[in-house]
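Each chain, written out:
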Amino acid sequence: AQSVTQLGSHVSVSEGALVLLRCNYSSSVPPYLFWYVQYPNQGLQLLLKYTSAATLVKGINGFEAEFKKSETSFHLTKPSAHMSDAAEYFCAVSGPGANNLFFGTGTRLTVIP
Amino acid sequence: KAGVTQTPRYLIKTRGQQVTLSCSPISGHRSVSWYQQTPGQGLQFLFEYFSETQRNKGNFPGRFSGRQFSNSRSEMNVSTLELGDSALYLCASSLSQSEPRYTFGSGTRLTVV
């Protein structure tokens, strides 16, 4: 069985501050892990993914995430928040041979000017 | 390269009616999966098709069905609509399981009145 838990349904940061969005996973097989961003009335845009290569994954828009097997975590970070980062972020898990994603409940990021 | 195209973008239907939603994947992608997004339940997997065959199905009633055509375009159908079927329906396409990269469309917003 596979699942993800996103800690914090709402996160607020000041513009220029560090962004940290938390995701913990549960998987009976080596996981594939994803972070997606969703802007209002839009679909999901892939930020980055981990598929068992490098544990530190760099994505688009300055985001990165580190896979930590010992902590079963895949937290998303960005050194300096920008107003355009305000959106909802979803962590998702899949696995080798799997053909669907299991999503977390999402974290809404607010950026305060 | 065109992205995943979902039509229509918005739809209003009456309880008891049926509806068909369409998804055209990225050219060359043979896997198409569907997700339902609601405020209460979040993002839930409906089903996935690969080469016209349904490979996986989520926990939804039989009123939800889908199919995939030889050109990889997919449709999903919901019969006997209920108010609770109001949601954003998202389609994602993927090239292969060995290098998963699910690209989502902008979704179809279905409102059942």
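For the structure itself, consult the block above.
Counting restarts for each chain: residues are numbered from 1 in the order of the written sequence. Lettering of chains starts at A and numbering of ligands starts at 1, both following the order in which they are written. Given that this is a predicted model, residues contribute local features only at a pLDDT of at least 70 and side-chain atom pairs are listed and counted only at 80 or more, while totals for whole chains, interfaces and linings are drawn from all residues. Side-chain figures throughout are based on the complete set of non-hydrogen atoms in the structure, without hydrogens or water.

Asker: Please clarify how the layout of surface pockets should be interpreted in this entry.
Answerer: With a probe scaled to a water molecule rolled over the atoms, the places where space remains empty come into view. Both cavities and pockets are sets of points on a 1 Å grid over the protein atoms alone; in a cavity a 1.4 Å probe fits but cannot get out, in a pocket the set is open with protein on both sides within 12 Å along at least five of seven lines, and lining residues sit with an atom within 4 Å of a point. Grid points are joined across faces, edges and corners, and a volume is the space filled by probe spheres set on the points. Of the voids in this model, the largest pocket is the one considered here, and its volume is about 330 Å³. Lining the largest pocket are 17 residues, with A:Gln38, A:Glu88, A:Phe90, A:Arg108 and B:Gln37 sitting closest to its centre. By the criteria applied, helices consist of DSSP H or I runs no shorter than four residues and strands consist of E runs no shorter than two, each listed in order from the N terminus. Elements supplying a minimum of two residues to the lining of the largest pocket: strand 9 (87-94) of chain A together with strand 4 (31-38) of chain B. Throughout this entry, Asp, Glu, Lys and Arg are counted as charged residues, while Ala, Val, Leu, Ile, Met, Phe, Trp, Tyr, Cys and Pro are counted as nonpolar. The remaining residues, Gly among them, count as polar. The class makeup of the residues in the lining of the largest pocket is five nonpolar, nine polar and three charged.

Asker: Got a minute to help me understand the sheet that holds strand 1 (residues 5-7) of chain B in this structure?
Answerer: Two strands in a sheet stick together by hydrogen bonds in their backbones, pointing the same way (parallel) or opposite ways (antiparallel). All names here are of chain B. Taken together, the four strands give an open sheet; going across it, the order is 1-3-8-7, and neighbouring strands pair in antiparallel fashion. On the outer flanks of this sheet lie strand 1 and strand 7 (64-68), each paired with one strand and no other. Averaged over all pairs of adjacent strands, the angle between strand axes in this sheet comes to 20 degrees, irrespective of strand direction. Strand pairing follows a simple DSSP-based rule, namely that at least 2 bridges must link the two strands. In this sheet, strand 8 (residues 74-78) lies alongside strand 7 in antiparallel orientation, the contact comprising five bridges. The partner of Gly66 across the bridge, within strand 8, is Met76. Structural elements are reduced to axes, namely lines fitted to C-alpha atoms, with helices fitted over the stretch in contact, and the angle between N-to-C directions of any two is expressed from 0 to 180 degrees.

Asker: Hey, could you run me through the packing of aromatic side chains in this one?
Answerer: When we look at a pair of aromatic rings, we describe it by the centre distance and by the angle of the planes. All names here are of chain A. Note on aromatic contacts: the rings of Phe and Tyr and the six-membered ring of Trp form a pair at centre separations within 6.5 Å, being stacked when their planes are under 30 degrees apart, edge-to-face when over 60 apart, and tilted otherwise. In the structure shown here, the tally under the stated rule is 15 aromatic pairs over all chains. Taking 6.4 Å as the distance between ring centres and 90 degrees as the angle between the ring planes, the aromatic pair formed by Phe90 and Phe103 counts as edge-to-face. Within this pair, whereas Phe90 is found in strand 9, its partner Phe103 is found in strand 10 (residues 102-103), the two being separated by 13 residues in sequence. Using a relative accessible area of 3% as the deciding quantity, one classes Phe90 as buried. Throughout, exposure labels follow a simple rule: accessible area from a 1.4 Å probe, protein chains only, divided by the maximum for the residue type, with under 20% read as buried, over 50% as exposed, and the rest as partly exposed.

Asker: What exactly am I supposed to notice about empty space enclosed by the protein here?
Answerer: Under the defined criterion, the tally for this structure stands at one cavity of 30 Å³ or more. Of the volumes computed, that of the largest cavity is approximately 40 Å³. The wall of the largest cavity is formed by A:Asn41, A:Gln42, B:Arg9, B:Tyr10, B:Leu88, B:Ser106 and B:Arg109.

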